[in-house]
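Structural overview for review
Each chain, written out:
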Amino acid sequence: MNFNYDVIVVGAGHAGCEAACAAANMGSRTLLITMDMNKIAQMSCNPAVGGIAKGQIVREIDALGGQMGIVTDKTAIQFRMLNKSKGPAMWSPRAQSDRQKFIETWRSIIENTDNLYMWQDTVKELIIENNTVKGVRTTMNVSIYATCVILTAGTFMNGLMHIGRTQIQGGRISEPASFGITEQLSQMGIVVGRMKTGKPVRIDGLSIDFSKNIKKEGENEFHKLSYLDFIPRPLQQQP
Ligand SMILES: Cc1cc2nc3c(=O)[nH]c(=O)nc-3n(C[C@H](O)[C@H](O)[C@H](O)COP(=O)(O)OP(=O)(O)OC[C@H]3O[C@@H](n4cnc5c(N)ncnc54)[C@H](O)[C@@H]3O)c2cc1C
């Protein structure tokens, strides 16, 4: 284990995976630290990528050499081009992905990127000397140093979940929140706030009478989220 890197990325969610790959691909020796390596790029809410405005962003990430569009195309189980009734400037690509395969595909990309290393742990503190971030300290009490630290902790820092009237501390369901960094940032005068996400209720599929529903198929036209050339959408498409 090396304890010195050019870049440390905290949190292997969607943002952290892209940041880590970008840094490593540009030649920086990069360490991606995350709580749970089996939940790399876990889709927190609906397993959808793209949609109005977001679809354009995914294609911009693709144009800049990012991975999200590629991973989405490889794991898509339904693709639709939204807003087709309007002109092409209004079209928005959106895919539903297989949640588990999305994680596996991202993990494989990270494991096969040169200069990129992973460490499963929780960062509890930034190491700051002379007003400059020098690295991070983890809950396993490991100090790791880098020239640059990127925080991509998503909904986890001091995360609070509301289920009905019950409040539970957590990053997302069944996962702990992370504590320490928020307090440190506020002590340094950085204003921290909390943003809200929302999740619709989950329904047991076995309890639904699907004959009373309108079936919505995906589209077979082979638009993709990535412009790169590989066999698109290898998984069986689902309604
Ligand atoms: C219930 C729910 C519903 C949501 N619904 C939507 C939605 O409909 N649309 C939408 O756009 N967004 C939604 N979101 C927000 C969603 O989290 C983001 O869109 C997306 O996941 C953000 O990606 P991210 O990479 O920033 O963070 P995340 O995907 O949250 O990833 C953060 C990663 O950092 C790791 N981490 C955090 N702190 C530490 C630490 N201290 N040390 C080590 N690792 C750490 C975590 O383990 C995690 O792997 C929802 C979130 C939740 C929880």
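Below is a short write-up of the structure. Please read these numbers as outputs of a predicted model, since none were measured by experiment.

**Quick word on the overall build of the protein**
Of the regular secondary structure elements, the protein holds five helices and 11 strands. For the protein, the spread of C-alpha atoms along the three principal axes comes to 60 × 45 × 30 Å. When the 239 residues of the protein are sorted by exposure, 38% land in the buried category. Within the protein, counting contacts between residues at least 6 apart in sequence, those at least 24 apart form 62% of the total.

**Brief notes about helix α3 (residues 68–75)**
Helical periodicity: at 3.6 residues per turn, an α-helix aligns residues three or four positions apart in one direction. Of all eight residues making up α3, seven are buried, and the element is well covered by its neighbours. Within the sequence span of α3, burial applies to Met68, Gly69, Ile70, Val71, Thr72, Asp73 and Thr75. Buried residues along α3 sit against α1 (14–25), β3 (48–50), α2 (54–63), β4 (76–82), β5 (92–97) and α4 (99–111).

**Digging into the sheet that holds β3**
The sheet built from three strands is open, its strands ordered β3-β5-β4 with antiparallel pairing. Edge positions in the open sheet fall to β3 and β4, since each of these has one partner strand only. Mean inter-strand twist for the sheet, computed between neighbouring axes without regard to direction, equals 20°. Note that β4 and β5 share six bridges and pair antiparallel. The partner of Met81 across the bridge, within β5, is Pro93. Of the strands in this sheet, β3, β4 and β5 are in contact with α3, which crosses β4 at around 115°.

**Considerations on the side chain of Thr152**
In this fold, Thr152 is placed in the loop between β9 (143–151) and β10 (160–163). In terms of polar contacts, Thr152 uses its side chain to reach the backbone carbonyl oxygen of Gly11, at 3.0 Å.

**As for a nonpolar patch on the surface**
On the surface, a nonpolar cluster with roughly 260 Å² of combined accessible area is contributed by Ile163, Ile168 and Ile173. In this structure, Ile173 sits in the loop between β11 (166–169) and α5 (181–187). For Ile173, a relative accessible area of 52% gives the class exposed.

**A closer look at the nonpolar core**
Formed by 27 residues in total, the largest nonpolar core has its most connected members in Trp106 and Ile110. Contributing elements (two or more residues each) for this core: β1 (4–10), α1, α3, β4 and α4. Considering every element that reaches this core, the biggest residue donor is α1, with six residues. Once residues within four sequence positions are removed from consideration, Ile110 is found in contact with Cys17, Cys21, Leu32, Ile40, Leu116 and Met118.

**Topic: the site of the ligand**
The full set close to the ligand counts 25 residues, and Gly11, His14, Ala15, Cys45 and Val123 are the nearest of them. Ser178 places a side-chain nitrogen or oxygen 3.3 Å from a nitrogen atom of the ligand. In isolation the ligand offers 970 Å² of accessible surface; the protein chains occlude 78% of this area. When residues of the shell around the ligand are traced back to their parent elements, those giving at least two are α1 and β2 (30–34). Classifying every residue of the shell around the ligand gives 10 nonpolar, 12 polar and three charged.

**Some remarks on the pairing of strand β7 (residues 123–129)**
Relative to strand β8 (residues 132–138), β7 runs antiparallel, the two sharing six bridges. From the neighbouring strand, Ile128 faces β8, where its bridge partner is Val133. Connecting the antiparallel pair β7 and β8 is a turn made up of two residues, with Asn130 showing a positive phi of about 50°.

**Some thoughts on the environment of Lys216**
Locating Lys216 in the fold gives a position in the segment after α5. A C-alpha to C-alpha distance of 37 Å links Lys216 and Ala20, two positions 196 residues apart in sequence. Look past the residues within four positions of Lys216 in its chain and what remains in contact with it is Gln78, Arg80 and Pro239.

Procedures and definitions
Residues numbered from 1 in each chain as written. Predicted model: local features only at pLDDT ≥ 70, side-chain atom pairs only at ≥ 80, totals over all residues. Heavy atoms only, no water. Helix = DSSP H or I, 4+ residues; strand = E, 2+ residues; numbered from the N terminus. Buried < 20%, exposed > 50% of the residue type's maximum accessible area, 1.4 Å probe, protein only. Contact = heavy atoms within 4.5 Å. Pairing = 2+ DSSP bridges. Axes fitted to C-alpha atoms, helices over the stretch in contact; angles between N-to-C directions. Polar contact = N/O pair within 3.5 Å; in protein donor to acceptor, adjacent residues only side chain to side chain. Patch = residues over 30% accessible without salt bridge, like charges linked within 9 Å, V, L, I, M, F, W, Y side chains within 5 Å. Areas by Shrake-Rupley, 256 points an atom, 1.4 Å probe, with all protein chains shown as cover. Salt bridge = Lys/Arg side-chain N within 4 Å of Asp/Glu carboxyl O. Core = buried A, V, L, I, M, F, W, Y, C linked by side-chain atoms within 4.5 Å. Near = heavy atom within 4 Å. Nonpolar A, V, L, I, M, F, W, Y, C, P; charged D, E, K, R; others polar.

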